[in-house]
Amino acid sequence: MPYNFREIEKKWNSFWDEYSVNKYDENKEKYYCLDMFPYPSGSGLHVGHWRGYVISDVISRYNILKGKYVIHPMGFDAFGLPAENYAIKMGIHPSITTKENIDNFRVQLKKISAIYDWDMELNTTDPEYYKWTQWIFEKMFEKGLAYEKEFPINWCPSCKTGLANEEVVDGKCERCHTVVTKKNLKQWMLKITDYAERLLEGLDKLDWPEKVKKMQTEWIGKSVGAEVDFLVDGFDEKIKVYTTRPDTLHGATFVVLSPEHKLSLKITTKENLSKVEKYIEEAKFKSNVDRMSVSDKEKTGIFTGSFAINPINNKKIPIWIADYVLSDYGTGAIMCVPAHDFRDFLFAKKFDLPIIQVISKSGVEEDLKEAYADLCGVMINSGDWNGRDVVELKNNAPYEIEKLGIGKKTINYKLRDWVFSRQRYWGEPIPIIHCKNCGEVLVPENELPLELPLVKSYEPTGTGESPLAKIDSWVNCKCPKCGMDAKRETNTMPQWAGSCWYFLRYLDKNNKNELISKEKAKKFLPVDLYIGGVEHAVLHLLYSRFWIKFLNDIGILDFDEPFIKLFNQGMILGPKGNKMSKSEGNVVNPDEVVEHYGCDTLRMYELFIGPPELDASWDENGIDGVYRFLNRVYNLFEEYRDKYIKENEESVYLRNSFIKAITERIERFSLNTVISGFMEYNNSFIEFAKKNGGIDKNLLKDFAILLAPFAPHIAEELYHMVSDKKSVFDEKWPTYKEELTKKNKITLPIQINGKTKVFIDVDINLQDQEIIKIARDAIKEKIAGNIVKEIYVKEKIINFVVK
RNA sequence: GCCGCUGUGGCGAAAUUGGUAAACGCACACGACUCAAAAUCGUGCGGGAAACCUUGUCGGUUCGAGUCCGACCAGCGGCACCA
């Protein structure tokens, strides 16, 4: 008879509604276990969402049983493009669809039976919430970290809005995969670059996947080098170049400016002017993608006709313009050392420019077939620097250049400031008023939240202007400073704004006066474990670290890293190994699985499917295995609930090794093998019970407790068969004694020359020599030759080396 | 191109620090129960008759390698003219 999961799950769900299993107590240690809150789409949750939520719930419940007070909230990241696009398509206002979707998500989420504290629920589109998102923006503005700038930004022609660098993937819009173009727009920017160094350093102390740390490190892209000044021959101008290899300065044979460089036209000679103008004009029309897709072989460039003076040796070298030099990195100009840089080498070959070797492995000049970029060798053709080791010189050159007065040590980052305005409707209004007299003025704090006006028409204009610009009644206002007629900022914030800090607000969502109270922040933050997909590695996770560091700087928080440990769960793929999506028609709805097998089975299967950090294919058949297992557990309890025997050597061993196995596997996040462990030990317990005609009651009790984080309903039911406390979660996580996790008699494999030949059963308490003797006797006939060595690894293996 | 991850039965996978490769489960086969089927329970299940062989390929270190080292191959992911 299969166990009645419907009745059991219903029963305990209503019990938990009344009886809190996660009781707050001042003396308890806190544990903040956070899920990346979902964006409430119209299509609802699928089994992929469940994976992360189950993991976080298991860890939460495990920590409750370890005696901690667990903070485990849930909310909704509801602003943003998808909601707006969906609303436009359906002709329903996003505020309505968002509310409907959230209601649906909440119902679905409750089916997971996660111990979310629904009193903490929030959503980013609630004015009471985004009041504080706006407030943080205002603080940033006050500190000079939010500023306006007009420049060619990434523009998605399909989403009709500007994008941050982080939102451009492979030259395409992160959201809709349309090729991104450039558009000159006045934008609100956040100075994340001010935090580049701290964002980099902070990674060291985080317990995050190396992959994510690496992605952020590379995104921040720190490099150490020098700026060197090159005078322009015949002009009263100098070109600053940035190089990471000042040691190769003697090998610089030309200088290249980016087409956008301010000196490009100025230093071009008359004869070359028309050609150069044409080249610069063409570069302007090349989108980023075009510029990137040009392979190394097809470098383009044009000679200006002018020459620069290499400051280290006063040699005249030509100045070129080429679009492979980026205008917004370093100084927008480079010195080229073709002998030791692959790109410069190709450029020099193509345009027949001189190549001077300055580093040599052998110490003499060689015939270079390609750039020699290894950091190995000594300097040649380098004046005073000749004979010095390249690694040593590379480290010291920035300082030596500084002494010579021709440049200085410089650090550069690839990270750019965050383009923060969106030309779309469904986002937080930026609380700024443009006044002719006073310039940019903040909406006064007591007027926050600045609410998004409810309007009928909110389609994106595509012109670079926000749809809010059309609402005269909203746009026109008085300047809070001087009282004159003024206009509101009409751009909105990007989706990422609300998610930068939501985990703070869960803890104090009704606080009218502060973003979060000092006491609560101190008591419950930071987040101990953050679980979500890897796709936010350089988006949400970077932005959020930035905001938290800022809030730390202005004294709101006393920590500066939001998430101590990060775990990225793998994706759930369709049965054929491809992404679950509506268009593929392979989306598995968890509600149906719950209906068919119950919540506990689905929870267990989500973990059993494979290592939690790897992608896994959904396999309908695999669920049956978990379902059968839970039935067998139920039957074991049913059959033996009043047939108890006293504990014996074997039951003590089983119990201790079981607790050890499950605990260790949870601790190292090997949740798939926890489920395997349950199955394996369940089989052992059944065997034990059959053999002994009964079971050790402690075995059943501990089984129910260990199972509770994973399959809470059935565990609660089973627990009540063997105990009379109110809830299994009032128990403590069982402990074990190491010495009791071992059997006295073990089977020892005996090898000859590393190949297993026989097994012996021995008492581990015997002396080593005695065990080896037994082994030697057991294997006597199989030995052909003399034993030259005996290796005994305690309780593991015996190997005889025979010759 | 550079960096990272992964590669183990028909399938999902296991094997903390080198120590019985394939635990646990799926699928499959046979048996028990049944008039029969489903469910359940039991047995078997990498290859080979066996000696033995087997963790992507080739080599190395070691008494002993899925695990460590070197070279390569394949798949996935990240970065991609950042000077």
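Higher on the page you've got the structure.
Everything quoted here is computed from the prediction, not taken from an experiment.

Our focus in this paragraph is helix H11 (residues 390-404). Bending of H11 peaks at approximately 50° at the position of Asn396, with proline Pro398 no more than four residues after it. Val390, Leu393, Ala397, Pro398 and Ile401 are the residues of H11 that are buried. Considering only its buried residues, H11 is in contact with strand E8 (223-232), strand E14 (359-360), strand E15 (378-379) and strand E16 (407-412). Sitting at the head of H11, Asp389 places a side-chain oxygen 3.1 Å from the backbone nitrogen of Val391.

Moving on to the protein's contact with RNA strand B. Lining the immediate surroundings of RNA strand B are 50 residues, of which Thr244, Lys299, Arg343, Lys414 and Asn799 lie closest. In RNA strand B, atoms within 4 Å of the protein come 60% from sugar and phosphate. With 7 residues, the top contributor of residues to the surface near RNA strand B is helix H21 (residues 671-692). Among the residues forming the surface near RNA strand B, the class breakdown is 19 nonpolar, 13 polar and 18 charged.

Turning our attention to the packing of helix H18 (residues 599-608) against H21. Two numbers describe how H18 lies on H21: the axes approach to 7 Å, and their chain directions differ by 120°. When the axes of H18 and H21 are compared, the pair comes out oblique. Between H18 and H21, the contacting residues are Met604, Leu607 and Phe608 on the first element and Leu671, Asn672, Ile675, Ser676, Phe678 and Met679 on the second.

Strands sit in the order E29-E28-E31-E30 across an open sheet of 4 strands; the sheet is mixed. Each edge of the open sheet carries a strand with a single partner, namely strand E29 (755-763) and strand E30 (787-793). Strand-to-strand twist across the sheet, computed as the mean angle between neighbouring axes with direction ignored, equals 20°. For strand E28 (residues 745-752) and strand E31 (residues 797-802), the ladder comprises 3 bridges, and the chain directions are parallel. From the neighbouring strand, Gln751 faces E31, where its bridge partner is Asn799. Strand contacts of helix H24 (residues 768-779): E28, E29, E30 and E31, with the helix running at about 130° to E29, the strand carrying the most contacts.

Turning our attention to the nonpolar core. With 186 residues, the main nonpolar core has Trp418, Trp547, Trp618 and Phe678 as its most contacted residues. Non-local contacts of Trp547, meaning those with residues more than four positions away in its chain, are made with Thr133, Ile136, Met140, Leu190, Trp418, Phe420, Ala497, Cys500 and Trp501. Core analysis: the second largest hydrophobic core is formed by 44 residues, Val276, Met379, Val390 and Ile406 among them.

One turn of an α-helix holds 3.6 residues; hence residues three or four places apart share an orientation. Its 16 residues place the ends of helix H5 (residues 127-142) 22 Å apart at the C-alpha level, agreeing with the 22 Å of an ideal helix rising 1.5 Å per residue. Burial analysis of H5 places 12 of its 16 residues in the buried class, which makes it a mostly covered element. Every buried residue of H5 is listed here: Tyr129, Tyr130, Lys131, Trp132, Thr133, Gln134, Trp135, Ile136, Phe137, Glu138, Lys139 and Met140. For H5, the N-terminal cap is Asp126; the gap from its side-chain oxygen to the backbone nitrogen of Glu128 is 3.0 Å. One or two steps after H5, the chain reaches Gly144, where phi turns positive at roughly 75°.

What counts and what doesn't
- Sequence order sets the numbering: in each chain, residues are counted from 1 along the sequence as written.
- Chain letters and ligand numbers both follow the written order, the letters beginning at A and the numbers at 1.
- Two thresholds apply to this predicted model, a pLDDT of at least 70 for residue-level local features and 80 or more for giving and counting side-chain atom pairs, whereas whole-chain, interface and lining totals are computed over all residues.
- To get the side-chain values, take all heavy atoms of the structure and skip hydrogens and water.
- Note on bend: at a given residue it equals the angle between the axes fitted to the 7 residues ending there and to the 7 starting there.
- In this text, helices come from DSSP runs of H or I with a minimum length of four residues, and strands from runs of E with a minimum of two, each type numbered from the N-terminal end.
- Note on classification: 1.4 Å probe, protein chains only; a residue is buried when its accessible area is under 20% of the maximum for its type, exposed when over 50%, partly exposed between these limits.
- It only takes one pair of heavy atoms within 4.5 Å for two residues to be counted as in contact.
- In the analysis that follows, any N or O atom pair within 3.5 Å is treated as a polar contact, provided that within protein one partner can donate a hydrogen and the other can accept it, and provided that, for residues neighboring in sequence, both atoms belong to side chains.
- We call a residue near a given molecule or strand whenever any one of its heavy atoms falls within 4 Å of it.
- Under this grouping Gly is polar, as are all residues other than the nonpolar Ala, Val, Leu, Ile, Met, Phe, Trp, Tyr, Cys and Pro and the charged Asp, Glu, Lys and Arg.
- Angular values range over 0 to 180 degrees, each being the angle between N-to-C directions of two axes fitted as lines to C-alpha atoms, with helices fitted over their stretch in contact.
- Here is the rule for angles: anything less than 35 degrees is roughly parallel, anything more than 145 is roughly antiparallel, 65 through 115 is roughly perpendicular, and the remaining ranges are oblique.
- The criterion for strand pairing is that DSSP finds at least two bridges linking the strands in question.
- Each nonpolar core is a collection of buried residues, namely Ala, Val, Leu, Ile, Met, Phe, Trp, Tyr and Cys, held together in the definition by side-chain atoms within 4.5 Å.
- Each residue after the first adds 1.5 Å to the expected span of a helix.

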